[in-house]
Amino acid sequence: MSDTWTTPASPGDPLIVDPASAAPFAERATYAGAVAAVRAAAAAYYNGSDLLMDDATYDALLARVAATETLRPDWKRADSPTELVAAGVAAGGDVVHSEPMLGLDNVFGEEQLRRWAGRLEKLLGRPAGGLVVEPKIDGLAIAAWYVDGRLTRVATRGDGRAGEDVTGQARRAVGLPGQLAQPVTLEVRGEVFMTDADFVVANEMRTGHGEPRFAHPRSAAAGTLRAEGRAYDAPLSFIAYGLRRPVTDIAGPVPHSVEMAALADLGVTTTATTGGMTVWATVDEAVAAVEAVRAARGTLGYGVDGAVVKADLPQDRESAGSSSRAPRWGIACKFPADTCTTRLLRIEVQIGRTGVVTPVAVLQPVQITGVTVTSATLHNFDDLARRNVRVGDVVFVRRAGDVIPEITGAKLDERDPASIPYEAPVTCPRCDGPLDRTQKRWRCARGRACGAHEALAYFATRDAMDIEGLGDKIIYAVVAAGIVTDPADLYDLDAARLVTLDRMGEVSAAKLVASIQSTRQRPLSRVLIGLGVRMTGRALSRRIARHFGSMRALLGAGVAELQQVEGIGPERAATIAADLVELTPLIGKLTARGVNMVEPDAVRLAGGEASVAGVAPAASEPGVLPLRRPDGVPMRVVVTGAVPGLTRNEGNEAVERLGGIASSSVSARTDLVVVGEGAGSKADKAAALGVRVMPAERFAAMVAACDAGDVGVVTAILADG
Ligand code: IVH
């Protein structure tokens, strides 16, 4: 039978283990050691500190502990994590739960899910009267009490019996309203978590306040929920998956699906809020629904570590009952973990087109959620130093949805004592010139000029734009004269300007200008080759051009669409998407100069139907830029006050880079005002005029997401304000 949602990382990979076949420990001392290790990892997990173990290793170890206890019940320790909620490590609190908050047992594949369903059927003496399938949200369980429709108290799960009071912070969670639509009294149970977009924002806030990044959205949510007296409020979200009291207008115990829909009507976000909740009649249908959750995992915008299958009817739940740890009426189908461990082989320094210098981790290849990951982002050098990651370390690597994998920390207890801290470069890795290290993101002091020669020469090559007469010497001369810094500037050259250069006569100047202008009608594939999109070569650039047909379609494509092109896997797709975002301003500049952005003979899919891409005039192909209005007109943006991590100039630069026009005064024509600390009357004026306002932290996060190529995050921030 196929195991649909757990593709083993590689044959014999110890990370994904079927607990039913987990090997028991032969020695009692090894068993006790494993119990201690699981408890320590669970303590780190539940208290929101940095990870000690990735989820898959944790599950595997726990499975071996359980297998040992089945074989040798006499060895079983009182503090065994197999018996206790939250492995018995999470601290209790002052708020006693109305009924213990239990956990869920796990299964790791279709076969085990079917076995669980078989056991449930046996317990009930008939098939369950309906199964529901929900995403298993990767956050923290909480109980929230509403009295007469008002949110009065929120507590963590704690030790399952009593939890900590987190009412203050939980009130901020989106999806957990302070007031319900009706004055009902009830208890809601569900998960507090951080969305992927909010995780970016939260880390910007953290690092902006000189604190280390959160390692994972779950630890970010845990830390934020318990935070007291912080100078910033990181965003939180909530989704309910349980109700402890019937909604007053519904008589008697009702099915879970009905409760979740009713709770959603009261204003709480529940597992039924998006798309409702289907009740499945058969296990086959439930299996398919689990697979659908797995397939949608990367697109939900928040961490999902599995799917939960539950009996829908209250009488079925009653009959099935619970163990001391978990109910028998529900089961968690765990997906492969999004965080795995691997070795950091080396740190390379990448330099972007704008001169930004970034450390990139080269990893021992590791499978994460079905994809081989070989490299990961390390954000910036400050961050790298703060995370204390060294070459040779075993590191945690996280791959969530479509985002580029990142290193979230190192396993310090496994560090080679002979290892040495990473030494950051002191000069530009491309031109060996000085680095500007005044900002978080280091740059070559020459900025765009660094590498301009290389980029121009590549753009002009025969296989790319094939610009006759644009040789090395001329490229050096125009770059040195400061009249060309990127390929788009070539199209602005005129003969009068060229003749001022050394050894350039009138005739050759005119010839060169004509030659450059004649390349404006080259097909899109040539433009793509000339831009030198990372991880693409000539053949792949041509395939991409043929597939999408136009630059607009290509820029609008997400990582998933890019993967439809032959030869593009998830990692390459993420890099290409990120690089295209970086290239968007240049593409816009080329478009504005009349460079064609269409592949004449391409057959592309439009609205689901195959159509031939028309050769539209180049000017009708505006680049997709976040700060453009739907009609392509640049938004007028005013940045006032401090933007974390950016100087005033860089803030304005970022506006332009994202497609907008940076302006200094607020008027009715202003589209957006970015408001940071120290903002004065401009913020008031924006409010008075009803102009859209965006907090500087969110803007900084949008810029960072744009630089990281995370179109999804950019869109989410823009949509949200
Ligand atoms: S039902 C009696 N539904 O997963 C416990 N739990 O690993 C009933 N979780 O403790 C829990 N999404 O914190 C349920 N849709 C969902 C869930 C979910 C996330 C968490 C919850 C639970 C843990 C068990």
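Scroll up for the structure.
Described below are features of the structure shown in this document. Note that the structure is a prediction, hence the values are computed from the model and not measured.

## Some details on helix H23 (residues 711-720)
When H23 is considered as a whole, its buried residues turn out to be Val 713, Val 714, Ile 717 and Leu 718. The buried residues of H23 all sit within an arc of 130° when viewed along its axis, so they share a single face. Residues Ala 719 and Asp 720 are exposed on H23 and point more than 90 degrees away from its buried face. Buried positions along H23 lie against helix H5 (196-208), strand E23 (692-695) and helix H22 (696-708).

## Points about the nonpolar core
If you look at the biggest cluster of nonpolar residues, it comprises 64 residues, and the most contacted ones within it are Leu 176, Val 188 and Phe 699. Of all the elements, H22 adds the most residues to this core, at 8 residues. Excluding its chain neighbours within four sequence positions, the residues that come into contact with Leu 176 are Ile 142, Ala 144, Tyr 146, Leu 151, Val 154, Ala 170, Arg 171 and Phe 238. Counting 49 residues, the second largest nonpolar core, distinct from the first, contains Leu 512, Val 565, Leu 580 and Ile 587.

## Description of the sheet that holds strand E4 (residues 140-147)
Strands sit in the order E5-E4-E7-E8 across an open sheet of 4 strands; the sheet is antiparallel. The sheet is open, and its two borders are formed by strand E5 (150-156) and strand E8 (237-243), each paired with just one other strand. For this sheet, the mean inter-axis angle between neighbouring strands, taken without regard to orientation, is 35°. Sheet topology note: the E4/strand E7 (residues 186-193) ladder contains 7 bridges and is antiparallel. Residue pairing for E7: Ala 141 is matched across the bridge by Glu 191. Seen against the sheet, helix H6 (residues 217-226) touches E4, E5 and E7 and runs at an angle of roughly 40° to E4.

## Quick word on the pairing of strand E12 (residues 357-368)
Regular strands have side chains that alternate between both faces of the sheet. As judged from the 7 bridges shared by strand E11 (residues 339-351) and E12, these two strands associate in the antiparallel manner. If you follow Ile 351 over to E12, its bridge partner there is Val 357. Linking two consecutive strands that pair antiparallel, namely E12 and strand E13 (residues 371-377), is a turn of 2 residues; a positive phi of about 40° is found at Thr 369 within it.

## Topic: the sheet that holds strand E9 (residues 304-311)
Sheet strands associate in pairs through backbone hydrogen bonding, adopting either a parallel or an antiparallel arrangement. The strand order across the open sheet built from 4 strands is E2-E10-E9-E3, with neighbouring strands paired in mixed fashion. Across the chains shown, the open sheet's two edge strands, defined by having one partner strand only, are strand E2 (106-107) and strand E3 (131-137). In this structure, E9 lies alongside strand E10 (residues 330-334), joined through 5 bridges in antiparallel fashion. Within E10, the residue paired with Lys 310 across the bridge is Gly 330.

## Comments concerning the site of the ligand
Taken together, 14 residues lie around the ligand, and Glu 134, Ile 137, Arg 157, Glu 191 and Lys 310 are the ones closest in. Lys 136 is positioned such that a nitrogen or oxygen atom in its side chain is 3.1 Å from an oxygen atom of the ligand. Within the side chain of Glu 191, an N or O atom sits 2.7 Å from an oxygen atom of the ligand. Of the residues forming the shell around the ligand, the biggest block, 4 residues, is contributed by E3. Considered class by class, the residues forming the shell around the ligand number 8 nonpolar, 1 polar and 5 charged.

Reading the values: rules and limits
- Residues numbered from 1 in each chain as written.
- Predicted model: local features only at pLDDT ≥ 70, side-chain atom pairs only at ≥ 80, totals over all residues.
- Heavy atoms only, no water.
- Buried < 20%, exposed > 50% of the residue type's maximum accessible area, 1.4 Å probe, protein only.
- Helix = DSSP H or I, 4+ residues; strand = E, 2+ residues; numbered from the N terminus.
- Arc of directions from axis to C-beta.
- Contact = heavy atoms within 4.5 Å.
- Core = buried A, V, L, I, M, F, W, Y, C linked by side-chain atoms within 4.5 Å.
- Pairing = 2+ DSSP bridges.
- Axes fitted to C-alpha atoms, helices over the stretch in contact; angles between N-to-C directions.
- Near = heavy atom within 4 Å.
- Polar contact = N/O pair within 3.5 Å; in protein donor to acceptor, adjacent residues only side chain to side chain.
- Nonpolar A, V, L, I, M, F, W, Y, C, P; charged D, E, K, R; others polar.

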